[in-house]
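# Residue-level structure breakdown
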Amino acid sequence: MNFLEEKIATDGRVYEGNVLKIDNFLNHQIDIDVMRQIACEFKRRFKGVQVDKVLTIEASGIAIAVMLANMYDVPVVFAKKGAAVTNTDDKYISQAYSFTHKKMNNVFVSRPYLTKGEKILIVDDFLADGKAFGALIDIVNQAGGEVVGLGVAVEKGQQNGGRDLREAGYRLESIAIIDEMDDKTNTIKFREQR
Ligand code: 5GP
């Protein structure tokens, strides 16, 4: 098991509805050492890839994005979520159904923060159905940027987001991939990775 799988196996709590909580090191309290290791692992996996900006979505992706962008010495942009965003004059807007909150969110980035031709590495904490990544990719495309890679800490392999993004040709790196989890026994089965 890698460092993140071990941490999840020790500290993760499985809830009904295929939800994993890792609040004590990522989603509520943030363990800086784990964030540092996640960022180092992405830097290693995306070796040789040019990155002009790291893009994520509020809130939990920000910690990972900041640690990683620090290593590249590039800015972080985080997409905001808002219920009623209608004015597109100054924003790139997309939509994403929230797996955890079971509602549709508008997702937006103000236009000055993404520029045509920029090479964008997108990161997030979890990948489930791929709606958050889909919205971020859509926003980069609207801005005329180039998605050079997708990095996620935890991919939930029982949901199809990861498969769909790989099939669409994106380079997706997931540090931990969960193939099964059981809320009755709190057991989590990880996919073997190279
Ligand atoms: P997707 O858009 O891929 O369906 O879901 C990804 C988003 O939903 C992530 O940004 C994350 O915040 C949230 N999410 C999805 N599944 C889980 C989960 O099992 N646990 C937690 N804590 N967040 C999740």
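As the structure is a computational prediction, the values presented were derived from the model and not from experiment. (Residues numbered from 1 in each chain as written. Predicted model: local features only at pLDDT ≥ 70, side-chain atom pairs only at ≥ 80, totals over all residues. Heavy atoms only, no water.)

What follows is about the side chain of D124. Residue position: D124 is located in strand 7 (residues 119-127). For the buried residue D124, which engages in no salt bridge, the nearest side chain bearing the opposite charge is K81, 7.2 Å off. Apart from residues lying up to four places away in sequence, D124 is in contact with T56, I57, G61, I64, A132, F133, G151, V152 and A153. (Helix = DSSP H or I, 4+ residues; strand = E, 2+ residues; numbered from the N terminus. Buried < 20%, exposed > 50% of the residue type's maximum accessible area, 1.4 Å probe, protein only. Lys, Arg positive; Asp, Glu negative; His and termini not counted. Salt bridge = Lys/Arg side-chain N within 4 Å of Asp/Glu carboxyl O. Contact = heavy atoms within 4.5 Å.)

Right, let's talk about the nonpolar core for a bit. Core analysis: the biggest nonpolar cluster contains 35 residues, and L4, I8, L20, I38 and V154 have the highest contact counts within it. Elements that contribute at least two residues to this core include exactly helix 1 (3-11), helix 2 (23-27), helix 3 (32-45), helix 4 (61-72), strand 7, strand 8 (146-156), strand 9 (172-182) and strand 10 (187-190). At seven residues, helix 4 tops the list of elements feeding residues into this core. Apart from the residues lying within four places of it in its own chain, the contact partners of I8 are L20, I22, F25, V154, A176, I188 and F190. With 24 residues, the next largest nonpolar core counts L55, A79, Y92 and V152 among its residues. (Core = buried A, V, L, I, M, F, W, Y, C linked by side-chain atoms within 4.5 Å.)

This part is about the pairing of strand 8. Most of strand 8 is tucked away, with 10 of its 11 residues classed as buried. For the crossover from strand 7 across helix 5 (residues 131-143) to strand 8, the handedness is right-handed. Bridge count for strand 8 against strand 9 is six bridges, and the pairing is parallel. Considered in strand 9, the bridge of V152 is made with S174. (Right-handed = clockwise from strand over helix to strand, strands pointing away. Pairing = 2+ DSSP bridges.)

Before going further, it helps to spend a moment on the site of the ligand. L20, A128, D129, G130 and A132 are the nearest of the 16 residues found near the ligand. For the ligand, a nitrogen atom lies 2.7 Å from a polar atom in the backbone of L20. In the environment of the ligand, an oxygen atom lies 2.8 Å from a nitrogen or oxygen atom belonging to the backbone of D129. A total of 500 Å² of accessible area belongs to the ligand in isolation, and the protein chains cover 89% of it. The set of elements that each furnish at least two residues to the shell around the ligand consists of strand 2 (19-21), strand 7 and helix 5. Of the residues that constitute the shell around the ligand, the class distribution is seven nonpolar, four polar and five charged. (Near = heavy atom within 4 Å. Polar contact = N/O pair within 3.5 Å; in protein donor to acceptor, adjacent residues only side chain to side chain. Areas by Shrake-Rupley, 256 points an atom, 1.4 Å probe, with all protein chains shown as cover. Nonpolar A, V, L, I, M, F, W, Y, C, P; charged D, E, K, R; others polar.)

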